[in-house]
Amino acid sequence: MGKLFHLTTIRERRVLTPIGWAALSIVFGFVLVLIILFIHPFLAPTKPVGGGILVVEGWWPDYALKKAKDQFEKGRYKLLITVGKKYGVGHPLAHYKSGAEGAASRLYAQGVLPGKIIPVPITVYPRTDRTYFKALAVKKRLARMGFIQASIDVASIGVHARRTWLLFEKAFPSVDVGVIAITPNSYDTSRWWLFSEGVRNVISESIAYLYARFIFSPPIE
């Protein structure tokens, strides 16, 4: 009768031995090394499809635009599209009117022929999912120009490339979309974990990519 009122009991459970902990630590360390070595190349792929159109974002610094210009000339593209938000009154770059037109102007200065560049300014700039809405703006502009089925390559800086590629594919489901990752000059991408900017970029873009891949759902157009 007394056994029914016991408040504790004895149960057998398994715990790791020192050798087990050592083996677990080795496996964890091995996985961590693999992530460190391969996460940056995964997030910054270069897989162009060789279409006739190259897309770049308007917020880029001059060195990245120079690399995009080199890619444009090397890839023999027909059009280079710049896309970016409109600047409001008081913005330090307001004389450009938009990021798209600012990038276009700087590309002109680097030697790209004006007839080859199409600026796509975005008047209503959303607070979230901005890369996807940039893709939609490019899609609508190409449709107006008659390039409905034209394959495109989208260029992006560093680890932003994988997510940009994914979102452009969502916006252009019926055409081939490639990607070109422009190497950033602010840190050594082969040793990104030694630089604060590299660590911040990899962590933030990893989270953003997982959101875009598994949570984000394109709105009905």
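See the structure shown above.
1. Let's talk about helix α4 (residues 130-145)
Move 1: For α4, spanning 16 residues, the distance from its first C-alpha to its last is 23 Å, which sits close to the expected 22 Å at 1.5 Å a residue.
Move 2: Every buried residue of α4 is accounted for by Thr131, Tyr132, Lys134, Ala135, Leu136, Ala137, Val138 and Leu142.
Move 3: Taken together, the buried residues of α4 touch β1 (53-57), β2 (79-85), β3 (117-122), β4 (152-157) and α5 (161-171).
Move 4: With its phi angle positive at about 95°, glycine 146 sits one or two positions after the end of α4.

2. Section: the packing of aromatic side chains
Move 1: Enumeration over the complete set of coordinates arrives at eight aromatic pairs.
Move 2: Ring centres 6.2 Å apart and planes at 15° place the aromatic pair phenylalanine 72 and tyrosine 77 in the stacked group. Judged on exposure class, the residue phenylalanine 72 and its partner tyrosine 77 are both buried.
Move 3: Taking 6.2 Å as the distance between ring centres and 5° as the angle between the ring planes, the aromatic pair formed by phenylalanine 168 and phenylalanine 172 counts as stacked.
Move 4: Taken together, the aromatic side chains of Tyr132, Phe133, Tyr211 and Phe216 make up a single cluster linked through ring pairs.
Move 5: Taking NZ or CZ as reference, arginine 162 lies 4.1 Å from the ring centre of phenylalanine 42, over its face.

3. What to know about the side chain of glutamate 57
Move 1: Structurally, glutamate 57 is set in strand β1.
Move 2: Residue glutamate 57 is classed as buried on the basis of its relative accessible area, which comes to 4%.
Move 3: Side-chain polar atoms of glutamate 57 contact the side chain of lysine 134, separated by 2.8 Å.
Move 4: Residue contacts for glutamate 57: discarding those within four places in its chain leaves Val83, Thr131, Lys134, Ser156 and His160.

Analysis parameters
Residue numbering note: each chain is counted from 1, following its sequence as written. Only residues with pLDDT of 70 or above have their local features reported here, since the model is predicted, and side-chain atom pairs are shown and tallied only from 80 upward, although totals for entire chains, interfaces and linings are computed over all residues. As a rule here, side-chain values cover all heavy atoms of the structure and leave hydrogens and water aside. Working definition: helices are DSSP H or I runs of at least four residues, strands are E runs of at least two. Numbering for both runs from the N terminus. What a helix is expected to span follows from its residue count: subtract one and scale by 1.5 Å. Whether a residue is buried, partly exposed or exposed follows from its accessible area with a 1.4 Å probe, protein chains only, as a fraction of its type maximum: under 20%, in between, or over 50%, in that order. Any two residues whose heavy atoms approach within 4.5 Å are treated as being in contact. In this analysis, rings of Phe, Tyr and Trp, with Trp reduced to its six-membered ring, are considered paired at centre separations within 6.5 Å, and the interplanar angle assigns stacked below 30 degrees, edge-to-face beyond 60, and tilted for intermediate values. Throughout this description, the term charge over a ring refers to an Arg CZ or Lys NZ atom that lies within 6 Å of the ring centre and within 35 degrees of the ring normal. Any pair of nitrogen or oxygen atoms within 3.5 Å is treated as a polar contact; in protein, a donor-acceptor pairing is required on top of that, and neighbouring residues in sequence qualify only through side-chain atoms on both sides.

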